[in-house]
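Architecture and fold: a report
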Amino acid sequence: MNLKDYGSWGIVTGSAQGIGKVLAFELASKGLNLVLINKNHSALEATCNEILEKFGGNVQIKSMVIDLAKLRGEEIANAIEEEIKGLDVGVLINNVGMAYPYARFFHEVDLELMENIIKLNLGAATWVTRAVLPGMLKKNKGAIVNISSISAHLPSFPLYSLYSATKAYISIFSRCISLEYKQQGIDIQCQTPLFVATRMTEHVSTSSWLMASPEKFSKASVRWIGYEPLCNPYWWHSVQWFILCVASLDVLLNAINYRICIQIRKRGQMEEAQIKKIHPQENAL
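These remarks concern the structure in this document. (Residues numbered from 1 in each chain as written. Predicted model: local features only at pLDDT ≥ 70, side-chain atom pairs only at ≥ 80, totals over all residues. Heavy atoms only, no water.)

1. What about the overall build of the protein?
Short version of the rule: Only DSSP runs of H or I covering at least 4 residues are called helices, and only runs of E covering at least 2 are called strands; the numbering of each starts at the N terminus. Throughout, radius of gyration means the C-alpha value; the globule benchmark is 2.2 Å times the number of residues raised to the power 0.38. Remark: exposure states derive from per-residue accessible area (1.4 Å probe, protein chains only) relative to the maximum for the residue type, with buried under 20%, exposed over 50%, and partly exposed in between. Computed with a 1.4 Å probe, the accessible areas rest on the Shrake-Rupley method; for each residue, only the protein chains presented here act as cover. In this tally Asp and Glu are treated as negative and Lys and Arg as positive; neither His nor the chain ends contributes. We put the charge of a Lys on NZ, of an Arg on CZ, of an Asp on CG and of a Glu on CD.
Assigned secondary structure in the protein consists of 9 helices and 7 strands. In terms of C-alpha radius of gyration, the protein reaches 19 Å, essentially the compact-globule figure of 19 Å for 285 residues. Along the three orthogonal principal directions, the C-alpha set of the protein runs to about 50 × 50 × 35 Å. Across the 285 residues that make up the protein, the buried fraction comes to 48%. Taken as a whole, the protein presents about 14300 Å² of accessible surface, with 56% of it coming from carbon and sulfur. Of the charged side chains in the protein, 28 are positive and 25 negative; the average position of the first set lies 4 Å away from that of the second.

2. A closer look at the nonpolar core
So the rule is basically this: Side-chain atoms within 4.5 Å link the members of a nonpolar core, which is a set of buried Ala, Val, Leu, Ile, Met, Phe, Trp, Tyr and Cys residues. We call two residues in contact whenever any of their non-hydrogen atoms come within 4.5 Å of each other.
Core analysis: the biggest nonpolar cluster contains 31 residues, and Leu-27, Leu-34, Leu-36, Ile-51 and Ile-225 have the highest contact counts within it. Among the secondary structure elements, those contributing two or more residues to this core are α1 (18-29), β2 (33-38), α2 (41-55), β4 (89-94), β5 (142-147) and α6 (214-223). Looking at which element gives the most residues to this core, the answer is α1, with 6 residues. Those residues in contact with Leu-34 that sit more than four places away from it in its chain are Trp-9, Gly-10, Ala-24, Leu-27, Ala-28, Ile-51, Val-59, Gln-60, Ile-61 and Lys-62. In terms of nonpolar packing, the next biggest core, distinct from the first, is built from 27 residues, Ile-80, Val-128, Tyr-181 and Ile-188 among them.

3. Comments concerning the pattern of salt bridges
Put simply, the rule is: Salt bridges are counted wherever a side-chain nitrogen of Lys or Arg sits within 4 Å of a carboxyl oxygen of Asp or Glu.
For the coordinates displayed, the defined rule picks out 10 salt bridges. Its salt-bridge partner being Lys-85, residue Glu-82 comes within 3.2 Å of it at the nearest N-O pair. Each member of the pair Glu-82 and Lys-85 is classed as exposed. The partner of Arg-265 in a salt bridge is Glu-108, and the shortest N-O contact between them spans 2.6 Å.

4. Here's the deal with a nonpolar patch on the surface
Heads up, the condition is: Like-charged residues within 9 Å of one another, or nonpolar side chains (Val, Leu, Ile, Met, Phe, Trp, Tyr) within 5 Å, are grouped into patches, provided each residue has over 30% relative accessible area and no salt bridge.
A cluster of nonpolar side chains, Leu-249, Val-251, Leu-252, Ile-256 and Ile-260, forms an exposed patch at the surface whose accessible area comes to about 460 Å². Looking at where Ile-256 falls in the secondary structure, it is placed in helix α8 (residues 250-278).

5. Digging into the side chain of Ser-151
Rules: Under this definition, polar contacts are N or O atom pairs within 3.5 Å; protein pairs additionally need one hydrogen-donor-capable and one acceptor-capable atom, and for neighbouring residues in sequence, both atoms have to be side-chain atoms.
Position of Ser-151 relative to the elements: it lies in the loop between β5 and α5 (161-181). One polar contact links Ser-151 to Ser-149, side chain to side chain, over a distance of 2.9 Å. Among residues more than four places away in sequence, those in contact with Ser-151 are Phe-157, Tyr-163, Ser-164 and Lys-167.

6. Description of the packing of helix α3 (residues 73-83) against helix α4 (residues 111-139)
For clarity, the threshold we go by: Angles run from 0 to 180 degrees between N-to-C directions of axes, and those axes are lines fitted to C-alpha atoms, restricted for helices to the stretch in contact. Note on terminology: angles under 35 degrees are roughly parallel, angles over 145 are roughly antiparallel, angles of 65 to 115 are roughly perpendicular, and the others are oblique. Here is the rule for handedness: rotate from the far helix to the near one, and if that takes an anticlockwise turn smaller than a right angle the crossing is left-handed, while a clockwise turn gives right-handed. Throughout this entry, Asp, Glu, Lys and Arg are counted as charged residues, while Ala, Val, Leu, Ile, Met, Phe, Trp, Tyr, Cys and Pro are counted as nonpolar. The remaining residues, Gly among them, count as polar.
Relative to each other, α3 and α4 sit at 40°, their axes nearing to 8 Å. In terms of axis orientation, α3 runs oblique to α4. Every pair of crossing elements has a handedness; the one defined by α3 and α4 is right-handed. Where α3 approaches α4, its residues Gly-73, Glu-74, Ile-76, Ala-77, Ile-80 and Glu-81 are matched on the opposing element by Trp-127, Val-128, Ala-131 and Val-132. Class assignment of the residues belonging to the contact of α3 with α4 gives a composition of 7 nonpolar, 1 polar and 2 charged.

7. Quick look at α2
Note the following rule: Multiplying 1.5 Å by the helix residue count minus one yields the expected span of that helix. The arc in question is traced by the directions running from the helix axis to the C-beta atoms.
Spanning 15 residues, α2 covers 21 Å between terminal C-alpha atoms, matching the ideal 21 Å at 1.5 Å per step. If you check which residues of α2 are buried, you get Leu-44, Thr-47, Cys-48, Ile-51 and Phe-55. Each buried residue of α2 sits inside an arc of 100° when the element is viewed along its axis, so together they form one side. In this structure, the buried residues of α2 make contact with α1, β2 and β3 (61-65).

8. Here's the deal with the environment of Val-35
Note on placement: Val-35 falls in strand β2. Residue class for Val-35 comes out buried when judged on its relative accessible area of 1%. If near-sequence neighbours (up to four positions away) are discounted, Val-35 is found in contact with Trp-9, Gly-10, Ile-11, Val-12, Lys-62, Met-64, Glu-83, Ile-84 and Leu-87.

Laid out in C-alpha cells, this is it:
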C-alpha cells in the first residue's frame, strides 16, 4: 500500500526516541512529510536533524514540543489543529505512552506517576485523534494507528495494572472508531506488540530472542497500516501470541505473569536502592 495515497503528511507522537523515532524514519522513507510531537525539545530537534540529513529535501518536517501529560484535552486538540491547518494529513500514529519504571503493586504507584500515565496513555491518543479526524473526514481518506500492548489482551498483567488497563482502553477505543469511520474511507488500527527493546522494557528480564528491535517492529508496523483493525504486526510476536493462546490456560498465564512481575519489582527496587546509596544527597533534595 502506498501511504501517500492517504495524504502527504504523517503525524507521530512520542517521536524523539524508541519506537516513535524509528516510525518517523519509516514514514519519511515512504515519502511522507512529518509532524513530529515530543516533550523533549533537544531530543526532538536531534531527531529532525537526523531525518533531514538522511532524506534531505525529500521530506518536510514540522516539530511540536508539547508535554501531552500536562495539557488539558482541549488544549491538546487546539494545538494540534492549529499546527496542521492547511496540511494534507494522511497518517496519524499515536505512539506516545508511559509505564512504571519497574513493576509495582497498585498502591505503590505514586500519585503524580498515576496521573501522568492516565493522561498520556488515555488522553493523548484520544485528543490527538479528535483533532485530526475532521480533516480526514473532509477528504474521505486517512489512516490512524494506535500503539497498544499485548498486556491489554492477557487475562491479567499484575503489578502493571494501571498501564495494562490504559492499553485496554486504547484497544477498544480503536476498534470502536474503526467501525464508525470505515465507511468514510478512514482505516483505524490498533497494534498490540509484545516486548520491544526500548527504555520502557529495560527492567524486563527476558531472552533477547523474544524481543523485537524498534527497527524490526517499526518496519512491520508501517507495512500493516490499512489492514485489520486489530493486529500484531511483527511476525515473531504473532507466533509467541499464538503459542500463548493455544498452549496456556488463563490460570497458568496469571501465575506465570505474577511470578515474572514480582521478580521485575525486586530487581527494580534493588536498582533504585543502589542509586539512592550512590547519590544520597540528590535523593534527599
